[in-house]
Amino acid sequence: MDLTGLGTFLRTRRDRLTPAAVGLVPGPRRRVPGLRRDEVAVLAGASVEYYTELEQGSKAQPSEQMLAALARALRLSTDERDHLFRLAGRPVPARGDDAHVDPAMLALLDRLDDTAAAVVNDLGEALVTNRLAVALMGEKTGMAWPVSSQIYRWFVTPEAGRWMHPEHQHARLSESLVADLRVAAGRRGPDDPRLARLVADCAEASAEFRALWEAHEVRLRRADAKVFVHPSIGEIDLLCHSLHTDDGYQRLLWFSPREGTDAAEKMALLAVVGVEDVVTPG
């Protein structure tokens, strides 16, 4: 554990960021080129005093949860995140199994404030969502594994996972989810514990999943068309686009109205309605 090195590393990463890069409005009189300590503390969910002590190298070993929050707040790359954990004497999270969001994906998400967008991993977990995505689909971040996976909710608890799409789309979406999961399985390998649990739980609960899994269809989801059912606005016809990281573990999803439908008007209304009118059954 190198608390002095940890503090120095945090300070240099803070200095290189601008408020605009993390979605903050810069004040008129800034004495530092990068972020202030209080801004990093707010972004990481820590007190200013605690973060200041970390930079000064005088705080006890930070938790893995705090390190993950700091990595996200400071927009660290995966290599930088791993270095941060090593400086703090903590085990480095396995690739693909943590909630560290690729900083390039976060930067793009910050710019998509006029459409629903989210960063998800290859097991169907929403890692971060913007306001419109929460208004459209409900809050999907922060759940415990494996309930956090859309695939788990779709097959194991369909009353909670399928309510936002009309029934006539269910079979196609089921096939797409499983074919995409097969791609993740090839990437992660048979010894991945989270993948193994997800497949086992879905197979035990759903005959539909078992049949699709045994079919061995392999297809990466790059684009799709989906109808979303909002509890107060009704059906919204959207196109789903995706951008993948180089390693394939994460993707940025964003939705655009389908031409020839009233989806644009309904999305504009959704922006006004906000998240308070979204009810997630189950």
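Residues numbered from 1 in each chain as written. Predicted model: local features only at pLDDT ≥ 70, side-chain atom pairs only at ≥ 80, totals over all residues. Heavy atoms only, no water.

Peer 1: Just checking my understanding: could you explain the overall build of the protein for this structure?
Peer 2: Across its full length, the protein carries 13 helices and 5 strands. Taken against the 2.2 N^0.38 rule, which gives 19 Å for 282 residues, the C-alpha radius of gyration of the protein at 20 Å falls within 12% of a compact globule. A burial count over the protein gives 50% of its 282 residues as buried. Nonlocal contacts in the protein, meaning residues at least 24 apart in sequence, comprise 60% of its contacts between residues at least 6 apart. If you sum the accessible surface of the protein, you get close to 13600 Å²; carbon and sulfur atoms cover 53% of it. In the protein, which carries 35 positive and 41 negative side-chain charges, the distance between the mean positions of the two groups comes to 5 Å. (Helix = DSSP H or I, 4+ residues; strand = E, 2+ residues; numbered from the N terminus. Rg over C-alpha atoms; globule rule 2.2 N^0.38 Å. Buried < 20%, exposed > 50% of the residue type's maximum accessible area, 1.4 Å probe, protein only. Contact = heavy atoms within 4.5 Å. Areas by Shrake-Rupley, 256 points an atom, 1.4 Å probe, with all protein chains shown as cover. Lys, Arg positive; Asp, Glu negative; His and termini not counted. Charge placed at Lys NZ, Arg CZ, Asp CG, Glu CD.)

Peer 1: What is the right way to read the sheet that holds strand 3 (residues 223-230) from this model?
Peer 2: Either a parallel or an antiparallel arrangement is found when strands of a sheet pair, and the pairing is made through backbone hydrogen bonds. The sheet built from 5 strands is open, its strands ordered 2-1-5-4-3 with antiparallel pairing. Two strands close off the open sheet at either side, each with one partner strand: strand 2 (126-129) and strand 3. Across this sheet, the average inter-strand angle for adjacent strands is 30°, counted without regard to direction. For strand 1 (residues 117-121) and strand 2, the ladder comprises 3 bridges, and the chain directions are antiparallel. Considered in strand 2, the bridge of Val 120 is made with Ala 126. Lying over the sheet, helix 10 (residues 170-188) contacts strand 3 and strand 5 (250-257), oriented at roughly 130° with respect to strand 3. Running over the sheet, helix 13 (residues 263-273) touches strand 3, strand 4 (234-244) and strand 5 and is turned about 90° from strand 4. (Pairing = 2+ DSSP bridges. Axes fitted to C-alpha atoms, helices over the stretch in contact; angles between N-to-C directions.)

Peer 1: For this particular structure, what's the right way to read helix 6 (residues 103-111)?
Peer 2: For helix 6, the full list of buried residues reads Met 105, Leu 106 and Leu 109. Down the axis, helix 6 shows its buried residues gathered within 100° of arc, on one side only. If you follow the buried residues of helix 6, they end up packed against helix 4 (64-73), strand 1, strand 2, strand 4 and strand 5. N-capping of helix 6 is provided by Asp 102, with a side-chain oxygen placed 2.9 Å from the backbone N of Ala 104. (Arc of directions from axis to C-beta. Polar contact = N/O pair within 3.5 Å; in protein donor to acceptor, adjacent residues only side chain to side chain.)

Peer 1: Help me understand the packing of helix 1 (residues 3-16) against helix 3 (residues 48-55), please; the structure alone is not making it clear to me.
Peer 2: In a pair of packed helices, the angle between the axes and the distance between the axes together describe the arrangement. Helix 3 packs onto helix 1 with a crossing angle of 115° between their chain directions and a minimal axis gap of 7 Å. Here helix 3 runs roughly perpendicular to helix 1, going by the angle between their axes. Residues Leu 3, Gly 7, Thr 8, Leu 10, Arg 11 and Arg 14 of helix 1 pack against Tyr 51, Leu 54 and Glu 55 of helix 3. The residue makeup of the contact of helix 1 with helix 3, split by class, is 4 nonpolar, 2 polar and 3 charged. (Parallel < 35°, antiparallel > 145°, perpendicular 65-115°, else oblique. Nonpolar A, V, L, I, M, F, W, Y, C, P; charged D, E, K, R; others polar.)

Peer 1: What exactly am I supposed to notice about the packing of helix 1 against helix 5 (residues 78-87) here?
Peer 2: At a minimum axis separation of 9 Å, helix 1 and helix 5 run at an interaxial angle of 150°. In terms of their interaxial angle, helix 1 and helix 5 are classed as roughly antiparallel. Seen from helix 1, the contacting residues are Leu 3, Gly 5, Leu 6, Phe 9, Leu 10, Arg 13 and Arg 16; seen from helix 5, they are Glu 80, His 83, Leu 84 and Leu 87. Considering only residue class, the contact of helix 1 with helix 5 consists of 6 nonpolar, 2 polar and 3 charged.

Peer 1: Whenever I open this one, the pattern of salt bridges confuses me. Can you help?
Peer 2: Where charged atoms of side chains with opposite charge meet at close range, the side chains can pair. For the coordinates displayed, the defined rule picks out 20 salt bridges. Put simply, Glu 55 and Arg 14 hold a salt bridge, and the shortest N to O gap is 2.7 Å. Of the two residues, Glu 55 is situated in helix 3 and Arg 14 in helix 1; the sequence distance between them amounts to 41 residues. As far as burial versus exposure is concerned, Glu 55 and Arg 14 are alike and both buried. As a salt-bridge pair, Asp 192 and Arg 188 come within 3.1 Å of each other at their nearest N and O atoms. (Salt bridge = Lys/Arg side-chain N within 4 Å of Asp/Glu carboxyl O.)

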